[in-house]
Amino acid sequence: EERQGQDDDLEQQVEVHQMDDTIATDEDAEILAERAAAAIRDLNHAVQPAKGELTYPADVYKILGSLEALAGWLPQASGQLAGWLDSQAEAGRLRATDCGPFSDVPAAVAAATHWLQQAGDSAEQLRLALGTAHEVISGLVSAHDTDQKE
């Protein structure tokens, strides 16, 4: 019963996110990526044992659910970044400089798209691992709290 309630909460969070019709422009993408990185940094600080932010196993359960969702969206972002690089290269809108490890655009784009594919695959593995951790703790409650359902 507690697991079903937690699943419903996560589904509602995802539905709210899907119903949000805000469209980020290209100018917003960099800011959104910076915010996502900052949010994970802040999460790392918040879950330090000394902070006391975690009280119940359900706290960890909810965080794992959100992290699983985040990891699930990363392959799409990686693929879209690779697609943008490919389309820009094909249209002749990119040039290589002396600053990078590749002296020509096709080699640089091929390497980048390879690594973006690797990143997407790794993110999928991360999503699966977080999902498994999320699932296996679904039956845990605090031994000190008799108000939590078992």
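Residues numbered from 1 in each chain as written. Predicted model: local features only at pLDDT ≥ 70, side-chain atom pairs only at ≥ 80, totals over all residues. Heavy atoms only, no water.

The secondary structure content of the chain amounts to four helices and zero strands. Along the chain, helices and strands appear, N-terminal first, in the series α-α-α-α. Counting all 150 residues of the chain, 18% fall into the buried class. Within the chain, contacts between residues at least 6 apart in sequence are counted, and of these 70% link residues at least 24 apart. Accessible area of the chain: about 11,100 Å², with a carbon and sulfur share of 55%. (Helix = DSSP H or I, 4+ residues; strand = E, 2+ residues; numbered from the N terminus. Buried < 20%, exposed > 50% of the residue type's maximum accessible area, 1.4 Å probe, protein only. Contact = heavy atoms within 4.5 Å. Areas by Shrake-Rupley, 256 points an atom, 1.4 Å probe, with all protein chains shown as cover.)

For the structure on display, the rule yields three salt bridges. One salt bridge connects Asp42 with Arg41, and the closest N-O pair in it is separated by 3.4 Å. Residue Asp42 is classed as partly exposed on the basis of its relative accessible area of 42%. Judged by relative accessible area, Arg41 falls into the partly exposed class, the value being 46%. The partner of Arg127 in a salt bridge is Glu124, and the shortest N-O contact between them spans 2.6 Å. You can see Arg127 and its partner Glu124 sitting in helix H4 (residues 105-136), three residues apart, about one turn around the helix. By relative accessible area, Glu124 is classed as partly exposed at 28%. Among the ionic contacts, a cluster of salt bridges with common partners joins Glu68, Glu124 and Arg127. (Salt bridge = Lys/Arg side-chain N within 4 Å of Asp/Glu carboxyl O.)

Moving on to H4. Between its first and last C-alpha, H4 extends 46 Å over 32 residues, near the 46 Å set by a 1.5 Å rise per residue. Val105, Val109, Ala111, Thr113, Leu116, Gly120, Ala123, Leu130, Gly131 and His134 are the residues of H4 that are buried. The N-terminus of H4 is capped by Asp104, whose side-chain oxygen sits 3.0 Å from the backbone nitrogen of Ala107. (Expected span 1.5 Å × (residues − 1). Polar contact = N/O pair within 3.5 Å; in protein donor to acceptor, adjacent residues only side chain to side chain.)

Before going further, it helps to examine the nonpolar core. Ranked by size, the top nonpolar core spans five residues in total: Tyr61, Leu64, Ala71, Leu130 and Ile137. Ranked by the residues each element gives to this core, the list is headed by helix H3 (residues 57-90), at three residues. (Core = buried A, V, L, I, M, F, W, Y, C linked by side-chain atoms within 4.5 Å.)

Averaged over all residues, the pLDDT of the chain is 87; the fraction at 70 or higher stands at 78%. Mean pLDDT across the secondary structure elements of the chain bottoms out at helix H1 (residues 2-19), with 50, and peaks at H4, with 98. In the model, residues 12-19 has pLDDT below 50 throughout and makes two contacts with residues more than four positions away in sequence or in other chains. (pLDDT = per-residue confidence, 0-100.)

Turning to its location among the elements, Ala89 is positioned in helix H3. For the pair Ala89 and Pro106, spaced 17 residues apart in sequence, the C-alpha separation works out to 7.1 Å. Residues contacting Ala89, with those up to four places away along its chain left out, are Leu94, Val105 and Val109.

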